[in-house]
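# Close look at the chain arrangement
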Amino acid sequence: MLTALLKYIYIMNAGLLGVSVIYGKLFVFRKKEAMFVSDYCAGVALCLGLYVIMSFLYVGLMPDVFSKSVMLFFAFSPFILGLSANYNTEKYFTALQILFIASSIAYLV
């Protein structure tokens, strides 16, 4: 029961994170209102933090080593991609991160 609830919370949070990154990339980050963009970035950071924490939680809950390593990869993927990205490749790494978020939802389902 508790694992099913955690699963649905993870799926909702990861979906919200993916949609908010896409929406921010298309519309929000081009705005000139610094306060609105700053508040939006804080919300995305909150979703990202919850995504990483819940991925680490699932590392402990998964039964076998392969599942644990896959969820550990999903937990570290934002940080690995963030270290690898630069200004010229930011669009590609954003698309890759959205693909990883969608893959983590599919893997958990």
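Structure report, in brief.

How each quantity is defined
Residues numbered from 1 in each chain as written. Predicted model: local features only at pLDDT ≥ 70, side-chain atom pairs only at ≥ 80, totals over all residues. Heavy atoms only, no water. Phe/Tyr/Trp six-rings, centres within 6.5 Å; stacked < 30°, edge-to-face > 60°. Helix = DSSP H or I, 4+ residues; strand = E, 2+ residues; numbered from the N terminus. Core = buried A, V, L, I, M, F, W, Y, C linked by side-chain atoms within 4.5 Å. Buried < 20%, exposed > 50% of the residue type's maximum accessible area, 1.4 Å probe, protein only. Contact = heavy atoms within 4.5 Å. Disulfide = S-S within 2.5 Å. Salt bridge = Lys/Arg side-chain N within 4 Å of Asp/Glu carboxyl O. Expected span 1.5 Å × (residues − 1).

### What to know about the packing of aromatic side chains
For the structure shown, the criterion picks out nine aromatic pairs. Where Phe56 meets Phe76, the ring centres are 5.2 Å apart and the plane angle is 80°; that geometry is what we call edge-to-face. Pair noted here: Phe56 is in helix 2 (residues 34-61) and Phe76 is in helix 3 (residues 65-84), with a separation of 20 residues, a long-range link. An aromatic cluster of at least three residues, connected via ring pairs, comprises Tyr23, Phe27, Phe29 and Tyr40.

### Side note on the nonpolar core
In terms of nonpolar packing, the biggest core is built from 21 residues, with Tyr10, Leu17, Tyr51, Tyr58, Met71 and Ile101 touching the most fellow members. Put simply, the parts of the chain that give this core at least two residues each are helix 1 (2-26), helix 2, helix 3 and helix 4 (90-108). For this core, the element with the highest residue contribution is helix 2, accounting for nine residues. Non-local contacts of Leu17, meaning those with residues more than four positions away in its chain, are made with Val44, Cys47, Leu48, Tyr51 and Ile101.

### Looking at the state of the cysteines
Counted under the stated rule, the structure contains zero disulfides. The cysteine Cys41 is free of any disulfide, with Cys47 supplying the nearest cysteine sulfur at 12 Å. Accessibility expressed as a relative area gives 35% for Cys41, which makes it partly exposed. A relative accessible area of 11% means that Cys47 is categorised as buried.

### Regarding the environment of Phe36
Mapped onto the elements of the fold, Phe36 is located in helix 2. With relative accessibility at 37%, the residue Phe36 sits in the partly exposed group. Considered as a pair, Phe36 and Asp64 are 28 residues apart in the sequence and their alpha carbons are 43 Å apart. Every residue in contact with Phe36, bar those within four places of it in the chain, is listed here: Val28 and Lys31.

### As for the pattern of salt bridges
Within this structure, the stated rule accounts for one salt bridge. One salt bridge connects Glu90 with Lys25, and the closest N-O pair in it is separated by 2.8 Å. You can see Glu90 sitting in helix 4 and its partner Lys25 sitting in helix 1, a full 65 residues away along the chain. Residue Glu90 is classed as partly exposed on the basis of its relative accessible area of 32%. We classify Lys25 as partly exposed; its relative accessible area is 27%.

### Observations regarding helix 2
Here helix 2 is 28 residues long and its end C-alpha atoms lie 40 Å apart, about the 40 Å a rise of 1.5 Å per residue gives. Turning to helix 2, the residues buried within the fold contact helix 1, helix 3 and helix 4.

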